[in-house]
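# Per-entry structural report
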Amino acid sequence: MPPTKTAVAPQFLTGRWLFGLLSAGLLMAAVAYDVGGDRWDAPLQTLTLPLLLSFALTVLIGVGVVPLLRQLKTGQVIREDGPQSHLKKSGTPTMGGIFFVPTGLLLAVLWASLAVGQLSGSVVAIALLAVWYAAIGWWDDWQVLRRKSNRGMSARLRLLLEAVGAALFCAWLVSTQPAATTITAPWGWVWPLGVGFIPLAVFVPMAQGNALNLTDGLDGLAGGTAAIALLALGTIMGTHPDLQILAATMSGACLGFVWHNHHPARVFMGDTGSLALGAVLAGLGLASQQLWELFIVSGLFFVESLSVIAQVLYYKATKGPDGVGKRLLRMAPLHHHFELGGWSELRVVSTFYAVVAVLGLLSWLVQRT
């Protein structure tokens with residue numbers, strides 16, 4: 001592994017300051033959307049109120065759960081071949097997804113039911129998909145803790161279970177919303193995929209879940225970027241008020257989690273949280289027929305995935321007689337490449353927040369073309 005350059009963050013850039021900036025940005029975006037759309041005439045259909053309530057509940061629940069996770073000795077096992085600065089994080093409780101994911105999902109089901117006057121099948125279906133992915137992540141986290149190593153369940157079994165959950169969600173979507181097989185795109189383009197929608201609908205949750213999982217490598221990174229991406233999606237699904245509420249409550253839950261997870265983190269979300277977040281994002285994009293906008297707003301997550309794929313392929317392609325290849329990046333995923341290049345953890349996280357915010361704005365603009 002190449003030597004790490006000294007990482008120095010600006011003196012004003014602290015985890016608490018960055019969390020405050022993230023919170024202010026999300027709140028201003030939600031309020032601006034609600035005011036601009038005259039949504040305060042129907043408070044239950046605003047984005048601001050469910051976001052704030054979900055945030056508050058997650059923070060309060062986390063106050064009780066985080067110490068419990070510590071008592072249960074769910075300390076994260078840190079990779080020895082990762083950045084050396086991360087070794088001090090060993091022992092920080094993981095599996096944080098068990099308190100913020102259910103909070104956001106349950107609140108979404110209840111709030112959406114009140115807002116639209118009936119139980120939302122779409123919200124329930126996406127919530128079940130997220131719970132399935134969270135269960136896969138929990139089992140993987142548990143295996144890591146039990147074995148005291150970074151080896152959880154086999155990649156083949158994990159992908160198989162993810163595919164089963166995605167296939168069940170796809171079957172529900174096609175049987176209840178046949179129009180979902182038609183994908184809308186900017187400039188009035190419409191792509192009726194028909195049967196071709198099925199492999200796409202199975203692939204998207206798997207890709208999104210694993211992309212979020214790879215992004216979860218720095219304090220506040222996955223939770224903060226997911227909060228931004230979710231709220232951005234919420235602002236472009238005006239014809240789906242129930243899905244907007246789900247996006248808002250999950251954004252608030254992510255923000256509440258970052259309260260406990262900002263640098264220096266007191267808890268990690270683990271695969272339990274990251275896989276579930278990917279499932280929610282994928283479900284929202286599929287159910288709202290806005291996969292194009294999902295692709296844009298999730299651009300950072302997919303770049304993180306591509307950085308790992310490129311690193312592996314390049315290493316294999318350049319492997320010499322000694323069996324050793326060259327590295328395309330200092331380390332993959334991409335956020336570690338910047339760390340080893342001398343960026344502080346806070347600088348990487350703040351930059352990635354800004355990138356996702358710009359992508360969210362871009363997706364909002366594209367949706368209106």
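Residues numbered from 1 in each chain as written. Predicted model: local features only at pLDDT ≥ 70, side-chain atom pairs only at ≥ 80, totals over all residues. Heavy atoms only, no water.

The biggest cluster of nonpolar side chains holds 96 residues, and the ones touching the most others in it are Phe100, Leu277 and Leu284. Element by element, the count of residues in this core is highest for helix H8 (residues 241-261), at eleven residues. (Core = buried A, V, L, I, M, F, W, Y, C linked by side-chain atoms within 4.5 Å. Buried < 20%, exposed > 50% of the residue type's maximum accessible area, 1.4 Å probe, protein only. Helix = DSSP H or I, 4+ residues; strand = E, 2+ residues; numbered from the N terminus.)

Attention now moves to the pattern of salt bridges. Evaluation of the coordinates by the stated rule reveals four salt bridges. For Asp140, the salt bridge identified is with Arg158, shortest N-O distance 2.6 Å. Residue Asp140 is found in helix H4 (residues 121-147), and its partner Arg158 is found in helix H5 (residues 155-176); the two are separated by 18 residues along the sequence. For Asp140, a relative accessible area of 6% gives the class buried. Residue Arg158 is joined to Asp271 by a salt bridge in which the shortest nitrogen-to-oxygen separation is 3.0 Å. Highlighted residues: Arg158 in helix H5 and Asp271 in helix H9 (residues 270-287), separated in sequence by 113 residues. Sharing partners across several salt bridges, the network here consists of Asp140, Arg158, Glu162 and Asp271. (Salt bridge = Lys/Arg side-chain N within 4 Å of Asp/Glu carboxyl O.)

Turning our attention to the packing of aromatic side chains. Summed over the entire model, instances satisfying the criterion amount to 13 aromatic pairs. Between Phe99 and Phe100, the ring centres sit 6.4 Å apart and the planes meet at 80°, which makes this aromatic pair edge-to-face. The residues Phe99 and Phe100 share a single accessibility class, namely buried. Pairing Trp138 with Trp142 gives two aromatic rings, centres 6.2 Å apart and planes at 0°, and the pair type is stacked. Residue Trp138 and its partner Trp142 are both found in helix H4; the two are separated by four residues, about one turn of the helix. Cluster of aromatic residues (ring-pair linked, three or more members): Phe19, Phe55 and Trp259. Between the NZ or CZ atom of Arg347 and the centre of the ring of Trp343, over which it lies, the distance is 4.0 Å. (Phe/Tyr/Trp six-rings, centres within 6.5 Å; stacked < 30°, edge-to-face > 60°. Lys NZ or Arg CZ within 6 Å of the ring centre and 35° of its normal.)

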